[in-house]
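# Overview (structure and organization)
One letter stands for each residue in the lines below.
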Amino acid sequence: MELSLDRLTKHFAPKIAVDCISAKLSPGVYGLLGANGAGKTTLMRMLCGILEPSSGEVLFDGRNIMGMGSRYRNILGYLPQDFGCYPDYTAREFLMYIAALKGLPRRAAIKRSEELLNIVDLDACGKKIRTFSGGMRQRLGIAQALLNNPGVLVLDEPTAGLDPKERVRFRNLIADYAGDKIVILSTHIVSDIEAIADEVFLMKKGRFLLQGAIPELVQRISGKVWELTVSEQEARKWEETVTVSNLRHSNEQVILRIISEEQPSLNAVPCEAALEDLYLYHFPTAEGAE
Ligand SMILES: Nc1ncnc2c1ncn2[C@@H]1O[C@H](COP(=O)(O)OP(=O)(O)OP(=O)(O)O)[C@@H](O)[C@H]1O
Ligand SMILES: [Mg+2]
């Protein structure tokens, strides 16, 4: 199974949201990281065949998905970023409704819905969706994406709104599910990607700035991450001049984690790089998207 992106491009005139992206995805978990507006959702919508590319194509096993119709939809699961639910349905009713839309036979739909409600811990919940918390809605969104056992699973910020415990549970769920599937997920939570993705795509201004296995990418900034202990006053000055990826207070002193090509000062000690450092290395300011 292979999903191939061939010079995929989307214009929202005068802007290019996705700019000539090519990649080949075989089974595995892929994490999409990028600032707001980088083009993640636009890319994912094209991967799902919901949005037509301005040019380029998405190929599933060599065939353009736009010509595959229900054959592609049958193997696709999608959790949109703005997942809308039906407020007057219960979780169970909602899953049965989506299962019907996906063309699942009723008996199989009941069985799969119950399995999934159990997995996302909504099986005992008979409440209407309008009363759900953000986390419960998100869990229901994940369940509906898995209804047809998709071979290609596209999740747009699936952990948004989940508390830390639920995030861990979600990550385990995806890791268990992934196996021989192609899973693509976007998130702003770097630790989620670090925990479950085999490969990461760092997206900036509609392009893939970097792509590859996480240890390999993180290795590229090895020797550029430093720890420095300074006074509170000095810390403010450092923050204005260098990229600080973390800051913690300890006994009236401040321990800064700094990303810098050179040793920032003689008492700075080198430390091991992480994916978050790599992200900040490429997105040093709040800018980055535009
Ligand atoms: N339907 C649309 N019409 C016009 N412009 C759009 C449309 N959809 C997206 N854009 C623009 O395309 C760019 C990429 O948007 P997109 O939603 O793909 O980014 P994103 O990486 O998903 O951002 P976020 O992290 O905030 O979800 C943005 O500049 C956005 O304003
Ligand atoms: Mg988005």
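Here, the structure is the one placed above.
To start, this report covers the structure provided alongside it. (Residues numbered from 1 in each chain as written. Chains lettered and ligands numbered in written order. Predicted model: local features only at pLDDT ≥ 70, side-chain atom pairs only at ≥ 80, totals over all residues. Heavy atoms only, no water.)

## Observations regarding the pairing of strand β10 (residues 207-213)
Pairing analysis gives six bridges linking strand β9 (residues 199-204) to β10, with the strands arranged antiparallel. Within β10, the residue paired with glutamate 199 across the bridge is alanine 213. Once β9 ends, the chain turns through two residues before running back antiparallel as β10, passing lysine 205 with a positive phi of about 50°. (Pairing = 2+ DSSP bridges. Helix = DSSP H or I, 4+ residues; strand = E, 2+ residues; numbered from the N terminus.)

## Looking at the packing of helix α3 (residues 91-101) against helix α4 (residues 106-119)
Contact pair α3 / α4: the axes reach a minimum separation of 9 Å and the direction vectors enclose 135°. The angle between α3 and α4 falls in the class oblique. Crossing geometry of α3 relative to α4 is assigned as right-handed. For the pair α3 and α4, the contacting residues are Ala91, Arg92, Leu95, Met96 and Ala99 in the first and Arg106, Ala109, Ile110, Ser113, Glu114, Leu116 and Leu117 in the second. (Axes fitted to C-alpha atoms, helices over the stretch in contact; angles between N-to-C directions. Parallel < 35°, antiparallel > 145°, perpendicular 65-115°, else oblique. Left-handed = near helix turned anticlockwise from the far one by under 90°. Contact = heavy atoms within 4.5 Å.)

## Notes on empty space enclosed by the protein
Taken as a whole and assessed by the stated rule, the structure comprises one cavity of 30 Å³ or more. In this structure, the largest cavity occupies an estimated 60 Å³ of space. Among the elements of the structure, β2 (15-25), β3 (28-34) and α1 (40-47) are those that each provide at least two residues to the lining of the largest cavity. In terms of residue class, the lining of the largest cavity is built from 10 nonpolar, no polar and no charged. (1 Å grid on protein atoms, 1.4 Å probe; cavity = no way out; pocket = protein on both sides within 12 Å on 5 of 7 lines; lining within 4 Å. Points joined across faces, edges and corners; volume = space filled by probe spheres on them. Nonpolar A, V, L, I, M, F, W, Y, C, P; charged D, E, K, R; others polar.)

## Focus: the coordination of the magnesium ion (ligand 2)
All of the protein donors around the magnesium ion (ligand 2) are Thr41 (OG1) and Gln81 (OE1); their distances to the metal are 1.9 to 2.2 Å. Within this pair, whereas threonine 41 is found in helix α1, its partner glutamine 81 is found in the loop between β6 (76-79) and α3, the two being separated by 40 residues in sequence. Exposure remark for threonine 41: the relative accessible area of 25% places this residue in the partly exposed category. Owing to a relative accessible area of 39%, glutamine 81 belongs among the partly exposed residues under this scheme. (Donors = N, O, S within 2.8 Å, 3.2 Å for Na, K, Ca; no water. Buried < 20%, exposed > 50% of the residue type's maximum accessible area, 1.4 Å probe, protein only.)

## Observations concerning the site of ligand 1
Around ligand 1 sit 14 residues in total, of which Lys15, Gly37, Lys40, Thr41 and Thr42 are the nearest. Threonine 42 places a polar side-chain atom, nitrogen or oxygen, 2.6 Å from an oxygen atom of ligand 1. Within the complex, 65% of the 640 Å² of free accessible area of ligand 1 lies under protein. Mapped onto the shell around ligand 1, the elements with two or more residues apiece are β2 and α1. Broken down by element, the residue count for the shell around ligand 1 peaks at three residues, all from α1. (Near = heavy atom within 4 Å. Polar contact = N/O pair within 3.5 Å; in protein donor to acceptor, adjacent residues only side chain to side chain. Areas by Shrake-Rupley, 256 points an atom, 1.4 Å probe, with all protein chains shown as cover.)

## Concerning the packing of aromatic side chains
One pass over the structure, following the stated rule, counts nine aromatic pairs. Consider the rings of phenylalanine 201 and phenylalanine 208, whose centres lie 4.4 Å apart with planes at 20°: the pair is stacked. Accessibility expressed as a relative area gives 5% for phenylalanine 201, which makes it buried. Chaining the aromatic ring pairs together yields one cluster made of Phe83, Tyr86, Tyr89, Phe94 and Tyr97. Between the NZ or CZ atom of lysine 181 and the centre of the ring of tyrosine 177, over which it lies, the distance is 4.5 Å. (Phe/Tyr/Trp six-rings, centres within 6.5 Å; stacked < 30°, edge-to-face > 60°. Lys NZ or Arg CZ within 6 Å of the ring centre and 35° of its normal.)

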